[in-house]
Amino acid sequence: MMTIVAHDTLVWFAKTFGLIYLVVLSVVVLCYAFWPSKQKEFDDASASILKKEDRPWQ
Amino acid sequence: MLSKLTKGEREGGLIILLAMTVIGLVIAIAGRGDPISAHGFLIMLFSMAVAVPVMRHLFDPEPSRDRLDSYYDDPSKVGVVLTFAWGAFAMFVGDWVAWLLVEPNLTFSGAWSSFGRLRPVHTTGVIFGFGGNGLIATSFYVMQRTCRARLPDQLSPWFVLIGYNLFCLLAVSGYMLGITQSKEYAEPEWYADLWLVVVWIVYFVLYLRTLSRRQEPHIYVANWYYMAFIVVVAMLHIVNNLAVPVSLFGAKSHSLFAGVQDALTEWWYGHNAVAFFLTSGFLGMMYYYLPVRAGRPIFSYRMSIISFWGITFMYMWVGSHHLHYTALPQWVQTLGMTFSLVLLVPSWGSAANALLTLNGAWHKVRDDATLRFMMVAAVFYGLTTFEGSFMAIRSVNSLSHYTDWTVGHVHAGALGWVAMITFGALYASIPWLWKRERMYSPALVELHFWLALAGTAVYVFAMWNSGIIQGLMWRTYTENGNLAYTFIDSLVAMKPYYIARAIGGLLFLLGALAGCLNLFLTIRLAPGEAEAERAGSGPAYGRPSAAALQAGE
Ligand code: HEM
Ligand code: HEM
């Protein structure tokens, strides 16, 4: 059978795109997590599950 | 329970069940002479058994609109019961398998009870039966509370829960009949796999529909973990099970992959099953139940987000650490090893986050066995991931691979982390779901905790010992360069550890049975429904944390 994707192509792809993809995503995630204005949203979220009421809002 | 469904939902359910009965019958007849025929009958009988109560309630009046003022918890309740039932069954089989390794004659004469068939019954039963039902039941609970939205309809959650259990039944009964595609953790054949895809898509859509009804602007992080579990398991399941059936009404199929590609696909699946089935969903459980039970917000919400993305990205790449020293290209092995090491960071991020949340609530951990289950789970999660990253180093793996060390690692994760967090989450949910003040017997929860902890410790220490001894015996050479021990020598040396493991497993099983008893007593006898109702809308949070919550308000 003919090889559809050569091993070298795959290695090249992993070493270029794979690297960029991981670095970019890491940066995006860190920015999201540490964005100062997000602080309040996160605090609210972590407190939200401790509310006592047990009814849907509708 | 059934009269809470609307007329349309009851009719819809019945149509699905009747259609499945017919499909089952067709498979049973057309597949005559093939093992698939037995599964046709199973599908038919299962669908009929579910259809009977639906028919009995078919002409009940429409439920009142009041139902929309509360969460829809019936599927979670059934899911909790199923979790305990599968747990007891599959852990019993696990202990049987453990005794088989001590005394191979403990089988019945039929092929169904041979080691090779019972072992996957154990693994599928615990991972999919016990773990999966626990995840489905708690996810329904958590998604509604965190979104403050009721499930969008009452039929699809039942479809997910019942359909999923049909899949588990097909899987487990299939192994006993000799039906398997021989891929570890993906043993069920093509038709069961296809059925699971349908169930899973409904599950995914249900989750999205609930999220879209939420009032909170931000989606609480536990939902991210549950969603990752659902999305990635779908992806893994579909790719790894790509196969061509030999015939339309035959059980046998052939994988689309071959050779080393097949091996890598399988372990890409296998390790991500660990990551997204046995870890991600259970982290979702932890991020909800642990703070709520402790009455304290999670220590660092930011850390939970970073851990989430860390785990999600990095786990994808580590499957190749299961294939060190194989035909897999060296660089792929190194890639898996490197990512496994980096993975320790987000893993410990979550474990530390859980433990730091408890900082300041240690008195509750001391008094409340339910919270203690979750605390111990976080510790074992930290331990197992550390061990895993260590075992992924190629030279360490040359010692651990093929030995009981792997089995020890598996059960440190499975018993210490997966089962402990599940029991903790269930003991927290049960009183809230059935509107009881607490579990019927806190003493039984306490007993379960100590049996589980003792069982895990005995199991894991036995396997570490035997694994390392095994590994060393296999690589000890004499002066002349011959192997010093035969394989049989190492087998004989294992026997005391296998006995210890089987006893540890028995303790763990007894704990689970104590849990079953307590569940039964709580549903039947526990006081508190009336009180909880009178107290108004609040969930009966269980004594220790309820008191703390009020104090903090
Ligand atoms: C009563 C408790 C349990 C006992 C006695 C037990 C016993 C066993 C035994 C004897 C094996 C086979 C080991 C071998 O072939 O050498 C095994 C394998 C396995 N068990 Fe358990 N088990 C228990 C609970 C669990 C739980 C709760 C889980 C998961 C949540 C689990 C997951 C697994 C897995 C994934 C394997 C396959 C390991 C591998 O292939 O390396 N077990 N268990
Ligand atoms: C950072 C996290 C983890 C890493 C890097 C890791 C790494 C490893 C490694 C290197 C192996 C041995 C592969 C071999 O020699 O064949 C292994 C096996 C295994 N691990 Fe982990 N592990 C981690 C966490 C976990 C957790 C939390 C669980 C949960 C239960 C778990 C369950 C398993 C199972 C079931 C196997 C056996 C697979 C088999 O051969 O059947 N692991 N893991």
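The coordinates are above.
This structure is a prediction, so every number in the text was calculated from the model and none was measured.

### Quick look at the overall build of chain A
No. 1: Helix and strand content of chain A: 2 helices and 0 strands.
No. 2: For 58 residues, the compact-globule estimate of 2.2 N^0.38 gives 10 Å, and chain A exceeds it by more than 25% at 22 Å.
No. 3: In terms of overall dimensions, chain A has C-alpha extents of about 65 × 30 × 15 Å along its principal axes.
No. 4: Total accessible area computed for chain A in this model is approximately 4400 Å², and 74% of it derives from carbon and sulfur atoms.
No. 5: Looking at chain A, you have 6 positive and 6 negative side-chain charges, and the mean spots of the two groups are 3 Å apart.

### Observations regarding the pattern of salt bridges
Side chains that differ in sign of charge can pair as their charged atoms come close.
No. 1: Evaluation of the coordinates by the stated rule reveals 10 salt bridges over all chains.
No. 2: One salt bridge in this structure joins Lys40 of chain A and Asp44 of chain A, with 2.9 Å as the shortest N-O distance. One end of the pair is Lys40 of chain A and the other is Asp44 of chain A, both in helix α2 (residues 39–48) and 4 residues apart, which spans about a single turn.
No. 3: A relative accessible area of 56% means that Lys40 of chain A is categorised as exposed.
No. 4: Between Lys183 of chain B and Asp262 of chain B there is a salt bridge, and its shortest N-O distance comes to 3.1 Å. With Lys183 of chain B in the loop between α5 (156–177) and α6 (190–212) and Asp262 of chain B in helix α8 (residues 259–294), the pair connects residues that are 79 residues apart, well separated along the chain.

### Concerning the site of ligand 2
All names here are of chain B.
No. 1: Every one of the 26 residues lining ligand 2 counts as a neighbour, but Glu184, Tyr185, Asn397, His401 and His409 are closest to it.
No. 2: In this structure, an oxygen atom belonging to ligand 2 sits 2.6 Å away from a side-chain N or O atom of Tyr185.
No. 3: Here an oxygen atom of ligand 2 sits 2.6 Å away from a polar atom, N or O, in the side chain of His401.
No. 4: Those elements that place two or more of their residues in the shell around ligand 2 are α8, α13 (369–391) and α15 (404–433).

### Structural notes on unusual backbone geometry
Residue and element names in this part refer to chain B.
No. 1: Positive phi, normally seen in glycine, also occurs at Tyr185, with a value near 65°.
No. 2: Its place among the elements puts Tyr185 in the loop between α5 and α6.
No. 3: For Tyr185, a relative accessible area of 18% corresponds to the buried category.
No. 4: Unusually for a residue other than glycine, Tyr325 sits at a positive phi of about 55°.
No. 5: Topologically, Tyr325 is positioned in the loop between α9 (301–315) and α10 (330–342).
No. 6: When its relative accessible area of 53% is taken as the criterion, Tyr325 is described as exposed.

### Here's the deal with the packing of helix α4 (residues 115–147) of chain B against α8 of chain B
Residue and element names in this part refer to chain B.
No. 1: Axis separation between α4 and α8 bottoms out at 10 Å; the angle between their running directions is 40°. As summarised for this structure, α4 and α8 are arranged oblique, according to the angle between their axes. The element α4 and its partner α8 pack so that their crossing is left-handed. Here Ile127, Phe128, Gly131, Gly132, Gly134, Leu135, Thr138, Tyr141, Val142, Arg145 and Thr146 of α4 come into contact with α8, specifically with Tyr269, Phe277, Leu278, Gly281, Phe282, Met285, Tyr288 and Tyr289.
No. 2: Across the contact of α4 with α8, the residue classes tally to 12 nonpolar, 6 polar and 1 charged.

### Digging into the coordination of the iron atom of ligand 2
No. 1: Of the protein atoms, His409 of chain B (NE2) alone serves as a donor to the iron atom of ligand 2, at 2.1 Å.
No. 2: Note that His409 of chain B resides in helix α15.

### Here's the deal with the state of the cysteines
No. 1: Per the counting criterion, the structure on display carries 0 disulfides over all chains.
No. 2: With no disulfide of its own, Cys516 of chain B has Cys168 of chain B as its nearest cysteine by sulfur position, at a separation of 16 Å.

### A closer look at a nonpolar patch on the surface
No. 1: A surface patch of nonpolar side chains, about 360 Å² in accessible area, is lined by Val22, Val26, Leu248 and Phe249 of chain B.
No. 2: Following the sequence through the fold, Phe249 of chain B ends up in the loop between β1 (243–245) and β2 (253–255).

Cut-offs used in this document
- Residues numbered from 1 in each chain as written.
- Chains lettered and ligands numbered in written order.
- Predicted model: local features only at pLDDT ≥ 70, side-chain atom pairs only at ≥ 80, totals over all residues.
- Heavy atoms only, no water.
- Helix = DSSP H or I, 4+ residues; strand = E, 2+ residues; numbered from the N terminus.
- Rg over C-alpha atoms; globule rule 2.2 N^0.38 Å.
- Areas by Shrake-Rupley, 256 points an atom, 1.4 Å probe, with all protein chains shown as cover.
- Lys, Arg positive; Asp, Glu negative; His and termini not counted.
- Charge placed at Lys NZ, Arg CZ, Asp CG, Glu CD.
- Salt bridge = Lys/Arg side-chain N within 4 Å of Asp/Glu carboxyl O.
- Buried < 20%, exposed > 50% of the residue type's maximum accessible area, 1.4 Å probe, protein only.
- Near = heavy atom within 4 Å.
- Polar contact = N/O pair within 3.5 Å; in protein donor to acceptor, adjacent residues only side chain to side chain.
- Axes fitted to C-alpha atoms, helices over the stretch in contact; angles between N-to-C directions.
- Parallel < 35°, antiparallel > 145°, perpendicular 65-115°, else oblique.
- Left-handed = near helix turned anticlockwise from the far one by under 90°.
- Contact = heavy atoms within 4.5 Å.
- Nonpolar A, V, L, I, M, F, W, Y, C, P; charged D, E, K, R; others polar.
- Donors = N, O, S within 2.8 Å, 3.2 Å for Na, K, Ca; no water.
- Disulfide = S-S within 2.5 Å.
- Patch = residues over 30% accessible without salt bridge, like charges linked within 9 Å, V, L, I, M, F, W, Y side chains within 5 Å.

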